Amino acid sequence: MFIQPKKHLRLEDCRFYHSMPLPDGSVIPGDWDLTKCANIYLGKMDYANKRVIDVGAGSGFLSFMMEALGASVVSYDMPDGSYWDVLKYPGYRPAMHRKTHEKYYNAYDYMHEKMNSKCKIYRADIYKDLPEELGEFDAAIFGTMLSHVRDPMLVLMNILYKVKEFAVLINPFVKQDHDGSTFYPGQNQFERVWWNIDYSTIERMVNSIGWYIEDSYDVLPIQNVNLDIPTERKYKSLVIKRYKGKFCNNGWSS
């Protein structure tokens, strides 16, 4: 069920989605830099002795960070990038983005070896139920991914059904000057953006399946990719927790 990480990869075989601190104190630059905001990005939660699923782990920055904080982590991604939702149009070729994903996964494996990590790798179609043998989790992290999937509600349901305590949803809130969420397609198949989901919509989504937003934090990751200079982006980390009560006609009781 779990994938064994590759060994002895070369740095040139990798692409790092997030900047990665190494044990010697050096940092491998990535498309995004969370090194100065990781605690807020992770919702200021305590991960010691928690079993956590990192949804959309990419090259693994959050997985390895949570492991360093004492968590047992399952890093979850699509098998090879081919399952991600993309806009299909005349001239579209399904394999156009697979090599990039392979390099991200190589980066994960490279860091797994460098960090002597015990994180486990699980890759499957995110629209299918998690298998029973994967077990339950104390917590889940959704790292800026709800806007990138065609069916964010199904993604939330499939993961949160197996989570007992809390989850952290990181969302960009791209536009703040409108009411409600909107379809927000990227300009090409590599951007793979589907939705601009506003706060109230996320709140209704999680409420409907037995969760509530407990805390919200502004977080400022630095975007390095596709820009002339590194730029802070304003995101929010939403900490959600399970309702302890039962479902009734007016919603979930506390």
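What you see is a predicted model; the values in this text were computed from it and never measured. (Residues numbered from 1 in each chain as written. Predicted model: local features only at pLDDT ≥ 70, side-chain atom pairs only at ≥ 80, totals over all residues. Heavy atoms only, no water.)

Section: the overall build of the protein
Along the backbone of the protein there are five helices and 16 strands. Classification of the 254 residues of the protein by burial places 49% in the buried group. Summarising the internal contacts of the protein: among those between residues at least 6 apart in sequence, 66% fall at separations of at least 24. Split by element, the accessible area of the protein, about 13200 Å² in all, is 50% carbon and sulfur. (Helix = DSSP H or I, 4+ residues; strand = E, 2+ residues; numbered from the N terminus. Buried < 20%, exposed > 50% of the residue type's maximum accessible area, 1.4 Å probe, protein only. Contact = heavy atoms within 4.5 Å. Areas by Shrake-Rupley, 256 points an atom, 1.4 Å probe, with all protein chains shown as cover.)

As for the side chain of Ser63
Tracing the sequence through the fold places Ser63 in helix H2 (residues 61-68). Here Asp54 takes part through its side chain, which lies 2.6 Å from a polar atom of the side chain of Ser63. Among all residues touching Ser63, those that are not within four sequence positions of it are Asp54, Ala57, Val73, Ser75, Tyr108 and Cys119. (Polar contact = N/O pair within 3.5 Å; in protein donor to acceptor, adjacent residues only side chain to side chain.)

A look at the sheet that holds strand S6 (residues 120-123)
Here seven strands make up an open sheet; going across it, the order is S6-S5-S4-S7-S8-S14-S11 and the pairing mixed. Two strands in the sheet have a free side with no partner beyond their single neighbour: S6 and strand S11 (211-219). When the angles between neighbouring strand axes are averaged without regard to direction, this sheet yields 20°. In terms of strand pairing, S11 meets strand S14 (residues 235-242) through eight bridges, oriented antiparallel. Looking at S14, one finds that Ile213 is bridged to Ile240. The strands touched by helix H4 (residues 152-160) are strand S4 (51-55), strand S5 (72-77), strand S7 (137-142), strand S8 (163-171), S11 and S14; relative to S7, the strand with the most contacts, the crossing angle is about 155°. Running at roughly 150° to S11, helix H5 (residues 199-207) makes contact with S8, S11 and S14 of the sheet. (Pairing = 2+ DSSP bridges. Axes fitted to C-alpha atoms, helices over the stretch in contact; angles between N-to-C directions.)

With respect to H2
Where H2 is concerned, the buried positions are Phe61, Leu62, Ser63, Phe64 and Met66. Remark: Gly70 follows H2 within two positions and exhibits a positive phi of approximately 105°.

Examining the environment of Ile197
Residue placement: Ile197 occurs in the loop between strand S10 (195-196) and H5. Residue class for Ile197 comes out buried when judged on its relative accessible area of 4%. Taking the C-alpha atoms as reference points, Ile197 and Pro172, 25 residues apart in sequence, are found 8.5 Å from one another.

Looking at the packing of aromatic side chains
By the definition in use, this model includes seven aromatic pairs. Relative to Tyr110, the ring of Phe16 lies with its centre 6.2 Å away and its plane at 80°, an arrangement referred to as edge-to-face. Here Phe16, found in the segment before strand S1 (20-21), pairs with Tyr110, found in helix H3 (residues 98-114); they are 94 residues apart in sequence, far enough to count as distant. With respect to burial, Phe16 and Tyr110 carry one shared label: buried. On the numbers, 5.1 Å between centres and 40° between planes, the contact of Tyr212 with Tyr243 is tilted. Here Tyr212 is found in strand S11, whereas its partner Tyr243 is found in the loop between S14 and strand S15 (247-248), with 31 residues between them in sequence. The side chain of Lys120 reaches across the aromatic face of Phe2, ending 5.4 Å from its centre. Taking the ring centre of Tyr105 as reference, the NZ or CZ of Arg123 above it sits at 3.8 Å. (Phe/Tyr/Trp six-rings, centres within 6.5 Å; stacked < 30°, edge-to-face > 60°. Lys NZ or Arg CZ within 6 Å of the ring centre and 35° of its normal.)

Interpretation in functional terms is not warranted from these geometric data alone.
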